[in-house]
Amino acid sequence: METGSYVYRLNDYARRKGFELHYEESDSGPVHDKTYIRRVVLNGKVYPDGEGKTKKEAKQNAAKNALRGLLENEHQDSADTTADEKYDCTSAQQNEASNQNVSDICNKMRHLSGSSQRYRDQQRQGGTNYIGIVDHYCQKTRRCHSYIEERRCGTVSNPIFFYKLMIDKKLYPEGEGKTVKEAKQNAARLGWSALQEQSDWDSKVSIRSTVSEDDAPTGLSTPTSLESLASSQSMSTGTSGSGIFTDSSNSSKDQHTVKDQNMGNSQNETSIQSRFTSDFDPMECLGSGAFGCVYKVKHKLLNKYYAVKIVCREEKSLREVETLSDLHHCNIVRYYTFWMEDSAYQWHILADSNSSSQSTDNSSAKYLYIQMELCDTKTLKVWIDEKNDQSLQDSKRREGSLSIAQQIVSGVEYIHSKKNIHRDLKPENILFGLDGEVKIGDFGLVTIDDDDDDALMERTGHRGTTTYMAPEQKREKTYDRKVDIFALGLIYFELLWKLSTGHERVVVWDDARSQKLPEEFSRTFPQETQIINSMLCEKPEERPEASKLKAELEKWAQTYNAQNVHQENATV
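Report follows, based on the coordinates. (Residues numbered from 1 in each chain as written. Predicted model: local features only at pLDDT ≥ 70, side-chain atom pairs only at ≥ 80, totals over all residues. Heavy atoms only, no water.)

Let us look at unusual backbone geometry. Positive phi, normally seen in glycine, also occurs at N303, with a value near 60°. Its place among the elements puts N303 in the loop between β9 (292-299) and β10 (305-312). In this model, K419 sits at a positive phi of 60°, which is unusual for a non-glycine residue. Within the fold, K419 resides in the loop between α15 (397-417) and β15 (420-421). Judged by relative accessible area, which is 41%, K419 ranks as partly exposed. (Helix = DSSP H or I, 4+ residues; strand = E, 2+ residues; numbered from the N terminus. Buried < 20%, exposed > 50% of the residue type's maximum accessible area, 1.4 Å probe, protein only.)

With that settled, consider helix α18 (residues 502-513). In a regular helix each residue adds 1.5 Å, so 12 residues correspond to 16 Å; α18 covers 16 Å between its end C-alpha atoms and thus fits that length. Residues of α18 that are buried: V508, W509, A512 and R513. Each buried residue of α18 lies within a common arc of 130° when the element is viewed along its axis, so the set occupies one face. In α18, those exposed residues whose orientation departs by more than 90 degrees from the buried face are H503 and V506. If you follow the buried residues of α18, they end up packed against α16 (471-475) and α17 (482-496). Just downstream of α18 lies Q515, where phi reads positive at about 65°. (Expected span 1.5 Å × (residues − 1). Arc of directions from axis to C-beta. Contact = heavy atoms within 4.5 Å.)

What follows deals with the sheet that holds strand β6 (residues 159-167). Pairing within the open sheet is antiparallel, and its three strands lie in the order β5-β6-β7. Every other strand in the sheet has two partners, leaving β5 (145-154) and β7 (170-177) as the edge strands with one partner each. Strand-to-strand twist of the sheet, defined as the mean angle between neighbouring strand axes without regard to direction, takes the value 20°. As judged from the six bridges shared by β6 and β7, these two strands associate in the antiparallel manner. (Pairing = 2+ DSSP bridges. Axes fitted to C-alpha atoms, helices over the stretch in contact; angles between N-to-C directions.)

This brings us to the nonpolar core. Formed by 62 residues in total, the largest nonpolar core has its most connected members in L380, I408, L488, Y492, F493 and L495. Apart from residues lying up to four places away in sequence, Y492 is in contact with S401, L402, A405, E528, I532, L553 and W556. Y147, L165, A183 and A188 belong to the second-largest nonpolar core, a separate cluster that totals 19 residues. (Core = buried A, V, L, I, M, F, W, Y, C linked by side-chain atoms within 4.5 Å.)

Along β10, six of the eight residues are buried, which leaves the element largely enclosed by surrounding structure. One ladder, built from six bridges, connects β9 with β10; its direction is antiparallel. Its bridge partner lying in β10, C293 is registered against I310. Once β9 ends, the chain turns through five residues before running back antiparallel as β10, passing N303 with a positive phi of about 60°. Two elements, β10 and strand β14 (residues 367-372), share six bridges in a ladder whose sense is antiparallel. Following the sheet pairing, C312 is matched in β14 by Y367.

Ring pairs (aromatic) are described by centroid distance and by the angle formed between their planes. Going through the model one piece at a time under the given rule, you end up with 16 aromatic pairs. A centroid spacing of 5.3 Å and a plane angle of 85° characterise the contact between Y295 and Y345, whose relative ring orientation is edge-to-face. Of this pair, Y295 sits in strand β9 while Y345 sits in strand β12 (residues 345-346), and the two are 50 residues apart along the sequence. Assessed through its relative accessible area of 0%, Y295 is described here as buried. Look at Y468 and W509: their rings are 5.4 Å apart centre to centre, the planes differ by 75°, and that puts the pair in the edge-to-face class. Taken together, the residues Y468 in the loop between β18 (447-448) and α16 and W509 in helix α18 connect sequence positions 41 residues apart. Put simply, the rings of F276, F280, Y295, W339, Y345 and Y369 pair up and form one aromatic cluster. Directly above the aromatic system of F162 lies the positively charged group of R151, at a separation of 3.8 Å from the ring centroid. (Phe/Tyr/Trp six-rings, centres within 6.5 Å; stacked < 30°, edge-to-face > 60°. Lys NZ or Arg CZ within 6 Å of the ring centre and 35° of its normal.)

On to the packing of α15 against α17, then. Between α15 and α17, the shortest axis-to-axis distance is 9 Å and the interhelical angle comes to 165°. Taken as axis vectors, α15 and α17 run roughly antiparallel relative to one another. As α15 packs across α17, the resulting crossing turns out to be right-handed. Packed against α15, whose contacting residues are R397, R398, S401, L402, I404, A405, I408, V409, V412 and H416, the element α17 presents D484, I485, L488, I491, Y492, E494, L495 and L496 at the interface. Tallied by class, the residues present in the contact of α15 with α17 amount to 12 nonpolar, two polar and four charged. (Parallel < 35°, antiparallel > 145°, perpendicular 65-115°, else oblique. Left-handed = near helix turned anticlockwise from the far one by under 90°. Nonpolar A, V, L, I, M, F, W, Y, C, P; charged D, E, K, R; others polar.)

Remark: helix α14 (residues 380-389) packs on α17, axes separated minimally by 9 Å, with the N-to-C direction vectors making an angle of 35°. Here L380, W383 and I384 of α14 lie close against α17, whose contacting residues are I491, E494 and L495. When its residues are assigned to classes, the contact of α14 with α17 shows five nonpolar, no polar and one charged.

Turning our attention to the side chain of K498. For K498, the location among the structural elements is in the loop between α17 and α18. Summary of buried charges: K498 has no salt-bridge partner, and the nearest side chain of opposite charge, D389, is 7.6 Å away. Of the polar contacts made by the side chain of K498, one reaches the backbone oxygen of Q390; its length is 2.3 Å. Residue contacts for K498: discarding those within four places in its chain leaves N388, Q390, S391, L392, Q393, R397 and E504. (Lys, Arg positive; Asp, Glu negative; His and termini not counted. Salt bridge = Lys/Arg side-chain N within 4 Å of Asp/Glu carboxyl O. Polar contact = N/O pair within 3.5 Å; in protein donor to acceptor, adjacent residues only side chain to side chain.)

With that settled, consider the state of the cysteines. One pass over the full model with this rule turns up one disulfide. Covalent S-S linkage joins C144 and C312, the inter-sulfur distance amounting to 1.3 Å. Here C144 is found in the loop between α7 (130-140) and β5, whereas its partner C312 is found in strand β10, with 168 residues between them in sequence. Classification of C144 as buried rests on a relative accessible area of 6%. Under the relative-accessibility criterion, C312 is labelled partly exposed at 22%. (Disulfide = S-S within 2.5 Å.)

Further remarks concern the pairing of strand β2 (residues 36-42). Regular strands have side chains that alternate between both faces of the sheet. Within β2, seven of the seven residues are buried, which leaves it mostly tucked inside the rest of the structure. Where burial is concerned, the two faces of β2 agree: the one with Y36, R38, V40 and L42 and the one with I37, R39 and V41 are both buried. Inspection of the sheet shows strand β1 (residues 21-25) paired to β2 by five bridges, in the antiparallel sense. Across the sheet, H22 pairs through a bridge with V41, a residue of β2. Sheet topology places β2 next to strand β4 (residues 50-52); three bridges connect them, and they run antiparallel.

On to the pattern of salt bridges, then. What the rule picks out here adds up to 18 salt bridges. When the shortest N-O distance is used, the salt bridge between E373 and K439 registers 3.4 Å. Residue E373 is found in the loop between β14 and α14, and its partner K439 is found in strand β17 (residues 438-440); the two are separated by 66 residues along the sequence. Like K439, E373 is buried.

What follows is the structure in structure tokens.
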């Protein structure tokens, strides 16, 4: 199992459970022999530290420790269930649980994440896990769902979050909470209540079927009231050897057939030809998260490599495809085509070997497969981190930063010329092509910029990454393309200036957002300071257009190159 799978599987587990996941840093040692330390914080719980000689290694080890801790907790909580309920693998693997490696943990966590233990945990805490109920309901009915942040208000110390549940493009009532989790929980509760009142609910699914512990289809019955959830759970979590189905007609099925159904290999299921697996050979998973997964693939006929992004079909993903199809620029990740399939390809890491499988789904097409240009896995964030890890300010950093900034601005100018706003420009979303060219990616938050009659469109507030958000993007619902210029100013500053520690970054970053750049920076980079400050103006109308910014950078590049030639001639 590749170590990269640890982070991937932990991200997948957190996404399925609806948990908040982040990594804390606590590095030690001198610069020349630094030990990187990362720890996982999952839903507020801290797991053992992971150490490494690189940031990536430390993060993988932290994820590995968290996965082990999760399995131990699940194993302890599920001690009263049968072996079939706990594991979806062979009896031999169950008997060797004490010697399992992390790849075993990842495989077993997939089944455990859907068990009724989450419901019992919630009951012990005095509440019902509506997020879990909605999640299971959508799995059983083959529906796509997500939670949309509507807005947030309050103070930093006492924020209030507002979320809505969206199922197959339909939004349900707004839920409010003092934390993101609480707001999502309330949104799920209101959505679940609304679902029961819908005319199309009728006999399609019962609560009992939504809390079954197995992914195999359960019997359908008329809806049960929410108040009877507890009794339904107890019925659906029986420990008899005949199985855990709520419909007695299913109890006679062979257990191996049930497991085959879970892996999408049942002989009774209709074979669905996947364009993804028929046209491409998946090579590796490049990344995953709430957005979906991205795979490096090889086209079987063309013998060329591409990236295929797989996301659940919803308004946001359709908007991204629509935008990418209209953009053709050397500094934007190239789009080729897209198609829809009934299921999402999943990269399964099994205990004995690395393999993959296509999970099947008999519903109408609901997953988008987006074929794009394959880029280097090194993002601009990695480039910046590498420069910051060097003991001294890199003498070539200024030249490299200017070239990168020019390419980003060129791409943004083109995006704006097509009447679009990216809204989430940051180093993590800027890639490098295999030829070294800068590529702007991730258009998941793109929106239309309609400046007819100088009227600003009303938009959903607080979209993007807070660190790089323009002031008006945080506090107002009316803004235009100039939010991208503000983010570019911060990125250009970050490209040039070494920020060694987290504390230094917090202090310097807050000042930079207010056009207060470090004095040493202003002395070292006087021309860049002038350009960056113009991009970080508080009032968006005072920031330059991307076209003007592009011209200024080109002029500065000519001057800078001329100065270098003059200095080289003087030293000869």
